[in-house]
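Structure at a glance
Below, each chain spelled out in residue letters.
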Amino acid sequence: MNFRKLRIFYETAINLNMTKVAKSLYISQPSVSQAIQELEEELGVKVFDRIGKRLSLTYEGEVYFNYVRRILNLYDEGIENIKKINNKEQGRIVIGASTTIGIYILPDIIKDFVSVNKGVEISLIIENTKNIEKMILQNKIDFAFVEGKVHSEEIIYEKIWEDELVFIEPYAHEWTNKTFIKKEDVSKEKFIMRENGSGTREIVEGYLKDKGIEYEVFMELGSTEAIKRSVEAGLGIGCVSNQCIREEIKMDKISKVTFNEDRIKRDLLLIVHKDKFISNNMKEFIEEAQKFEC
């Protein structure tokens, strides 16, 4: 059974004239007759009575017609909705993001996107980079934006923004009046880090080790917000994205410093599975994200 036969049966049941059906479907009349014959063989019943030169539906044909009509209506509805998705009138995108990007960057981009594409539903999943990578491999998300490196060869990536990590301390801390800090300053402090698997932690630890800076991890926390609150409380120092501390700096809750000789810069990446189909809706969202100035 296929949709071609169903369509031929449906048109024949409505018109009761194979010649007319053949013309409307741009096929030959023998092709119509053959399709009906094959359909009847598959069903094991006659769907049309042939009295003289006139066709009429049998009882079995009438029952079958009601089902075929529903099937074809659903099929046509499906085609129409796919066209709407392809034309960006509706759809759904599942986006993954590591913590900083998901909380401090993507909300503004999503807001701008859905204001134009009102029929497109956006789902945002925020996890650390390691977990986001797993979800890409499992096809649980369409694409993602992450702060850390990805390790699977099945995932392709490109730089989409650049970010800076800065050291933060309580506002009343002895670093508050410093513009820059030295290696010895960090080694004396208790460090509040993100959990293992975090892209931010991987970059910060890599930087500290490259610079030969000794550090003590006093506490591990699962979010940037938790780190900021702990630093405000005077429990230690942290290293977070410059993107996420603007309000705290304005309100004199924390202060930030960097090393004199250089800055901790990192690339923020767009990642996607190499075999993933990218729909028009996804393409438009990515294009919107590329315009964002981080």
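What comes next is a walk through the structure. This is a predicted model, so every value here is computed, not measured.

Looking at the overall build of the chain
Each helix and strand in the chain was counted, giving 12 helices and 12 strands. The principal-axis extents of the C-alpha atoms in the chain amount to approximately 105 × 35 × 30 Å. Relative to its 294 residues, the chain shows a buried fraction of 44%. Expressed as a percentage of contacts within the chain between residues at least 6 apart in sequence, the contacts between residues at least 24 apart total 73%.

Let's talk about the state of the cysteines
With the rule as written, the count across this model stands at 0 disulfides. The thiol of Cys239 is not disulfide-bonded; the next cysteine sulfur, from Cys244, is found 9.9 Å away. A relative accessible area of 3% means that Cys244 is categorised as buried.

Looking at unusual backbone geometry
Of note in the backbone geometry, Tyr26 takes a positive phi value of approximately 60° without being a glycine. Residue position: Tyr26 is located in the loop between α2 (18-25) and α3 (29-43). For Tyr26, a relative accessible area of 75% gives the class exposed. With a phi close to 55°, Asp252 is a non-glycine residue in the positive phi region. Here Asp252 is to be found in the loop between α11 (246-250) and β11 (254-259). Assessed through its relative accessible area of 42%, Asp252 is described here as partly exposed.

A look at the packing of aromatic side chains
A complete count under the given rule lists 12 aromatic pairs for this structure. Members of the aromatic cluster, each reached through a chain of ring pairs, are Phe113, Phe143, Phe145, Trp161, Phe285 and Phe292. One residue, Lys190, lies across the ring of Phe218, its end atom 4.6 Å from the ring centre.

As for helix α6 (residues 106-116)
The set of residues buried in α6 consists of Leu106, Ile109, Ile110 and Phe113. In an axial view of α6, the angular spread of the buried residues amounts to 95°, which keeps them on one side of the axis. At its buried positions, α6 is contacted by β3 (91-97), α5 (99-104), β4 (120-126), β5 (143-146), β6 (155-170) and α12 (280-291).

Comments concerning the pairing of strand β2 (residues 54-57)
Examined bridge by bridge, strand β1 (residues 48-51) and β2 share 4 bridges and lie antiparallel to one another. If you follow Arg50 over to β2, its bridge partner there is Leu55. Once β1 ends, the chain turns through 2 residues before running back antiparallel as β2, passing Gly52 with a positive phi of about 65°.

What counts and how
- Residues numbered from 1 in each chain as written.
- Predicted model: local features only at pLDDT ≥ 70, side-chain atom pairs only at ≥ 80, totals over all residues.
- Heavy atoms only, no water.
- Helix = DSSP H or I, 4+ residues; strand = E, 2+ residues; numbered from the N terminus.
- Buried < 20%, exposed > 50% of the residue type's maximum accessible area, 1.4 Å probe, protein only.
- Contact = heavy atoms within 4.5 Å.
- Disulfide = S-S within 2.5 Å.
- Phe/Tyr/Trp six-rings, centres within 6.5 Å; stacked < 30°, edge-to-face > 60°.
- Lys NZ or Arg CZ within 6 Å of the ring centre and 35° of its normal.
- Arc of directions from axis to C-beta.
- Pairing = 2+ DSSP bridges.

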